Each structure stands twice: as C-alpha cells, then as structure tokens.
Amino acid sequence: MNLKTLFSLFVFMITPLIGIAQSRETIILTDNWKFQKGKNDNAFQKQFNDSNWETVSVPHDWAIYGPFDKEIDKQEVAILQNGEKDATEKTGRTGALPHVGSAWYRNKFTLPANHEEKKVILLFEGAMSEPQVYLNGKKVGEWAYGYSYFYFDISDLIQKGENTLAVRVSNMEYASRWYPGAGLYRKVSVIVKNNESINQWGTYITTPFISNDIAKVNIKTMASGENTELITTIYNANGDKVASGKTKHQFGDEFEQNITVENPNRWSPETPYLYTAKTQLFVGEELKDEISTRFGIREIKYEQNKGFSLNGEVRKFKGVCLHHDLGPLGTAVNIAALRRQLTILKDMGCDAIRSSHNMPSLEQLEICDEMGFMFLAESFDEWAKPKVENGYNRFFDEYAEKDIVNLVRATRNHPSIVMWSSGNEVPDQWGSEGAKRAKWLQDIFHREDPTRPVTVGMDQVKATLESGFGALLDIPGLNYRVHLYEEAYEKFPQGLILGSETASTVSSRGVYKFPVLQESMKQYDDFQSSSYDLEYCSWSNVPDDDFVLQDDKQWVIGEFVWTGFDYLGEPTPYDESWPSRSSYFGINDLAGLPKDRFYLYRSRWNTTDETLHILPHWNWEGREGEITPVFVYTNFQSAELFVNGKSMGVQEKNHSSPQNRYRLMWMDVKYEPGTLKVVAFDKQGKAVLEKEIHTAGKPYKIVLDPDRKTIKANGKDLSYVTVSVVDKNGIKCPTATNQLKFKVSGKGSFRATCNGDATSLEMFHLPTMKLFSGKLVVTVQSGKEEGEIKLYVEGSGLKDAEIVLQSQK
C-alpha cells in the first residue's frame, strides 16, 4: 500500500450535537446527582431512598479528595517496560489516592410529553470504570473501558413523568499504571430526537480535493427513516452561508453529498479556521432532525524520506504527551482547565498533543480544533498481554473493536486529529501473535477512517524489527531508544520515524542540585530532581539528544515529549520512596507552573517570540564562593553573563556536544549574592535583549497574579491565581515555603490549590497549603450569578493580599 497515496488527507471537524427545539433536544445531566461510595445491592431500584447521599455535579472524580495514603496502591512488582527484572515495593504509582472500589450515582430527569414518539439516546463520554447502567430499575447495559465513549438506546425504557438513572462504577486494584480517577468524570447526556433522525456520530466529512480556488467537501450521513431528504448548509467562521446541497438518494442508510466551497481557508496550528456544516433531515416539508458540525479544511501527507506535511508544507511535530488528569482537579473534565493547559503550551510553541494512553475528552479535541493543535489520538495502553494484573487485557478480545469504532466515529471529524495510535508499549510487541494483533487493530482504524495513518508507541524496537510488528505499521513510532533511530529507519520500510514518546527528563520546579552532572535515575534525600535538566530515567534521555535527531534527520517527523505537565502517579525515579505520589516528568509542574525546561523547549519551538531565561535562582546562602553553574535558555545564538557587574564571558552555541548546541552554559561561576545579568546578542553580535535575577531577602509580602480577571458566571469557569511572596524590595523569594491560607467570598468559591511538590500530602481541596519553591496556585471557581469574587490570602509574618475577580454572563 502506497503511504503517500493512502494518507493524502483533507478535512475534519468537530461533532457536538446542538439541541434544536423542533427536532431534537440534548439534556446534559450536570447537577443534582446523588452519590455514595461503596457496594449497595439495591441502589439500582427506582424507589431507592438516596436522600442521605452526597449531592454532586458531574463531571465528578470522587478520589481526588483523598486523603493520600501509601497503602492504597502499594505494589510488589517489577515494571518490565522500565527494564526491571526483580519485584520491589512500589508506592504512589497510581497517585496514592482512594480510587479503588465501587460507587453509585443516581439522577432523575423528565422528558417532553410526546416522548413516546421519540428516540431517546443515553450518552456517556467516559465513566471510570466498568459502568453498569440502570434506568427505572431495569438494566440498560454495561461497558468495560473507563476511557471509552458509549451510548444506549433507552427509548423502550422511558416512562411518563420522572425517570430515574442509576450508574454503578467500579475500579479494581492493579488496574492502572497511573492515577485513573474514579466515577462519572466526563459528561452524561440524554438526547431526544425523532425516529427519523441522524444516527449518533453519523456524520463523516472529508475533503478529497483542495486547491486555492475550491475545496470539495464530501459529507456522508447515516440516518434513519423513509422518504427523507437531506439538506446541508456550510457556513464560514463569521456565520455567512458559503455553500449548500440537498439529496434524497440513500445508499442503504447513508446519504452522500459533494459540496464545493470556494476560496477555502485552510486549517492549521497557525490559522485554525473552522467552518460549520448544518445538516437537516426532512420528511416532506417537516424538519425531523438537525445537527451542526464544525470542521476544518486541511490536507495531510506522510511521505517516505520527506516526512509529514500539512497543507503542502513539510513540518515536524512539536508535541507533548498528556495524561488525562487536571492536577488538583483530578480527572473531572473542565473546559477552563483544559484551555489553560493548551494556552501555556501554545506559548511554548507546542503544536501537537498525544492523548497518552487513552481516548481524549471531546472537550479537549474541540479546544485543540479552535486553538490550533494537531492531535495524535491514542486508544490503549494494553492489548491482550497484561502490564498490570487487572488492566485492559481483561477486556481486549471482547471490547477492542467496539472501543476503536466508538473512538473513530465520535472524533474523526476533528481537524486536529492527524494520526491514530492503537497502543503504547504493549507487551504484544514480541512474536507473530502480536504483529497479527497490530494489523487487526490497524485494519479497524482504516475501515472506519481511511484518511489517517496509525502508529504504535514501540519501546521494544529490536523485537519489532524481528517480528514484523514495526514494518506493518503505517507510521513506526519509537518511544525513546534514540540509539536505535538509525537502525529502525534503515530496516523499517516506511522511510520515516516518529518520536512517539521522547525525553522523560525529570525535574522539580525551582530545585537545583550540586555538582551539576548528567545522570540517570539520580535520587536525593529530599525526593526531588534537579532543574538543571540533566537527569533522566534508565530508559530515556535528556531533551538535547532528541533535538539533534529532529534537526539533523529529515526522516524524523517530530516528537511528543513525555510530558507536557506533571500528572498524578508514576513518581519515577522515586516510585520506591514514599511520600512521592506524582510525576517529575512534566515540562510544567502539577500546578501548571513552568519549570526551567519549559524555556528550553520554548527557545526551540516558539519561533515568533524572544526567549531569554536564566537558571538557577540566585539565593544560595551558605554556598558563597562555591561553583554554581549558570545556564541560559534562549533562541539567540550567544550571550554574555555578568555577576554583580563582572563579566563571566560570552558563550556561543556550538556543536561540540548536544548540550552546547542548545544551551548556553557557564560551568565555573562562583556564587556571590547580588545580581545575575545576561545580555543576548543577535547574529551580527549586537546586544538586543537582557535579563536580570536578584538575590532576595526574607519573605515580606504575598503577591497574587490571576491568569484571568474576568470569568463566566456559569458555575464551571475557573481563574488560576499564582501566589508568590516577595521581599521588601519586591524581589520574588524563590525558596519560600510559608504556610498560606485562602478565603474566597462573593459570587464564586474556592476550588483547589496546588504547589507542584510531588511529595506534598496536603489535600488540594482544603484552603491551606505551603509554598513550594516560592509559589503555588489557587483555583477560583465561578458561581452562576454575576458579580465580584474576592480571593484573600494570608500567611504568618507576611503582609496579606486580596484580589477582586469579575464573574459575568
């Protein structure tokens, strides 16, 4: 199969269903859920008394409220994918939060009076995990995979008046390698529509031809009903009608339309232009159903020895991997939290996301479409062979095809998605059996969406070379293994390599260790990792090693760095050291605060803004006269460093080592309190930018810095307020650890706090926490009324602070 021809792609879009009063109504079940953790044999019954249960809103993650407990996920295990041979005691591997066990959710809803003539769909966008669903005391169905979207036709079970929905979810121990969350962590909706209607996820839009003058928009629509007519109208981003088409011809249950859009605007990370297709289903003159689908026109190609191109321009993925938790919010989906993550990554110059290692939320894809991120949508972390005892291996044979079908049909219209992944570091990489599974899964993706290629994140590269596993993939993805890129390129037939997972460098924000050395699996007594960005894991490497391959090898098509943000669980290299309970891999910490590494990637990826960043901080009481190396991350080629006005010399990037190629380093600087100053030079040697950092005195005053001062009064929107302390001269105190307290009043509430310390056992939902490396973040949530929201922060011996936010409709 010719890779160039097969994966010449072209369109894609979003598929949110928009309720239309005459034809369909979507009821999102958000409020008034009754919740109780624990087993209950009678909670499925309609008349069950749940009045004493807790009232929660959905999305909801019951486990994020803690407490942290070493015993929750203590495991005696050898992590084979990390190269371990002997079992040892692991702690914090799944975040040390109480996600194990079962729980019930119950809610009630009432449908329109004429519901007997309607089709009613119950849609879950994710339930962690193994949900069993009951309506009015009768079992509707069940699903297995906690990350999958699924739905049931409940038309025959709906009753007049009030209907009672009950959902049991259950998480087994040893079922995940990271924090999975617990409960109804994504949206639950009831969709009421006519029997003559468009099928769930029934629209599929592609553009098989694009030029500067026209784009051919191909729309396939699955619909139910006889003697129907389909009318599709396309609108541009301003809401102006640009094209339309109608048809009465069905092929089975499928309509197919080809509509011309003139002078098309192409979707890309730089110009994320979105159209909207309004699809209407008529019987005679009567409108029976209507949905709106946003989409973007764009072309992707993957070509041997040339790489990846978008809209005819060769480019490389500047991507990161993201787990699905949102730090102190847990796994409960929140649009404001997702948008904040992507805004931070956009500033870094990131242009691609990999949903590791599972189906992404639909909200995340919608925001990626809007903001301009390419997306590698992953499905599984396990196939038939287990990594963990109670993982997806239990469901693979029965559910894998169903889960892929739902993933593709629910998301294939998103322009952001440019590639699928059927697995990550699966133990099935060895032998012919695993190769056959890889082909089977890839064939399902191709059947459901022939426009995008499929990859697998492979860590056992030698095994996949021997078994044929890697050769049959559309795109061979290498997780780490930089020393095997050349061999893989030579022996695999595809003529390109994707860095599907790279770096796994570890660091703790604002923490620096001496002497400064490049080391693997380095540990310290305080269970932190050095932010000089030279420490990594037994299987991985530092960022500069990946940069060399990305820059020097045309056939390397980009990378997805592990990870964009720290996440709960997997505290390598301290997974045997309590109380470490979250990762150190992130470019940004668990609170969303950038580590120094953020600026290293920004200096390469953000090609429009200047980057000039100095590390470490300059508060080293007790190290006077000792060697304290200074690094500068910048997109300028050279710079001069000054300590208290004395020049430490000019450093220029060079090819003597990977680090010297991408960093400016003064390795012999001796610490003395005062001022560090760096002056950057352009290619002509002209000084163009400078930056200073200063030694701070004792903490004196609290400072508050919100990411957004005005938020929506919808009960869900968030403002993230960075809290730091400064000395009497206004200099930030980078080592402060003061205990702070928070109070929110007015038309909002305190939602959570986080300081980014992977060893902290303070709970996120309580209004007090210690600073870590001089900072933490408070999350303020809006209410449903407009008005002022006040955040007040105080700490012993510090001048307090208050900020006023606005909540508006």
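About the criteria used
Residues numbered from 1 in each chain as written. Predicted model: local features only at pLDDT ≥ 70, side-chain atom pairs only at ≥ 80, totals over all residues. Heavy atoms only, no water. Phe/Tyr/Trp six-rings, centres within 6.5 Å; stacked < 30°, edge-to-face > 60°. Helix = DSSP H or I, 4+ residues; strand = E, 2+ residues; numbered from the N terminus. Buried < 20%, exposed > 50% of the residue type's maximum accessible area, 1.4 Å probe, protein only. Lys NZ or Arg CZ within 6 Å of the ring centre and 35° of its normal. Pairing = 2+ DSSP bridges. Axes fitted to C-alpha atoms, helices over the stretch in contact; angles between N-to-C directions. Core = buried A, V, L, I, M, F, W, Y, C linked by side-chain atoms within 4.5 Å. Parallel < 35°, antiparallel > 145°, perpendicular 65-115°, else oblique. Left-handed = near helix turned anticlockwise from the far one by under 90°. Contact = heavy atoms within 4.5 Å. Nonpolar A, V, L, I, M, F, W, Y, C, P; charged D, E, K, R; others polar.

Caption draft 1: Region of interest: the packing of aromatic side chains. Applying the stated criterion across every chain yields a total of 46 aromatic pairs. Taking the centre distance of 5.0 Å and the plane angle of 10 degrees together, the rings of Phe124 and Phe150 count as stacked. Here Phe150 lies in strand β11 (residues 150-153) and Phe124 lies in strand β8 (residues 118-124), a separation of 26 residues in the sequence. On the basis of relative accessibility, which here comes to 0%, the residue Phe124 falls in the buried class. For Arg623, the ring lying beneath its charged end belongs to Phe514, and the centroid distance is 3.7 Å.

Caption draft 2: The arrangement of the sheet that holds strand β29 (residues 454-458) in detail. With parallel pairing, eight strands are arranged side by side around a closed barrel as β25-β26-β27-β28-β29-β30-β31-β34. For this sheet the average axis-to-axis angle between neighbouring strands, irrespective of direction, equals 25 degrees. Summarising the sheet, strand β28 (residues 417-424) and β29 pair through three bridges and their orientation is parallel. Considered in β29, the bridge of Trp420 is made with Val454.

Caption draft 3: Structural detail: the nonpolar core. By size, the foremost hydrophobic cluster in this structure holds 207 residues, and its most contacted members are Leu165, Leu184, Tyr302, Phe317, Val320, Leu345 and Ile353. In terms of nonpolar packing, the next biggest core, distinct from the first, is built from 13 residues, Ile259, Tyr275, Ala277 and Ile297 among them.

Caption draft 4: A look at the packing of helix α4 (residues 396-411) against helix α5 (residues 431-448). With their axes 9 Å apart at the nearest point, α4 and α5 run at an angle of 30 degrees to one another. Judged by the inter-axis angle, α4 sits roughly parallel to α5. The handedness of the crossing between α4 and α5 comes out as right-handed. Here Phe396, Ala400, Glu401, Ile404, Val405, Leu407, Val408 and Arg409 of α4 lie close against α5, whose contacting residues are Arg437, Trp440, Leu441, Ile444, Phe445, Arg447 and Glu448. The residue makeup of the contact of α4 with α5, split by class, is ten nonpolar, no polar and five charged.

Caption draft 5: Quick look at the sheet that holds strand β50 (residues 801-808). Spatially, the five strands line up as an open sheet ordered β43-β50-β49-β45-β47, and their pairing is mixed. Each edge of the open sheet is held by one strand with a lone partner, namely β43 (710-712) and β47 (768-770). Across this sheet, the average inter-strand angle for adjacent strands is 30 degrees, counted without regard to direction. Here strand β49 (residues 787-795) pairs with β50 via seven bridges, running antiparallel. Within the sheet, the bridge partner assigned to Leu791 lies in β50 and is Ile803.

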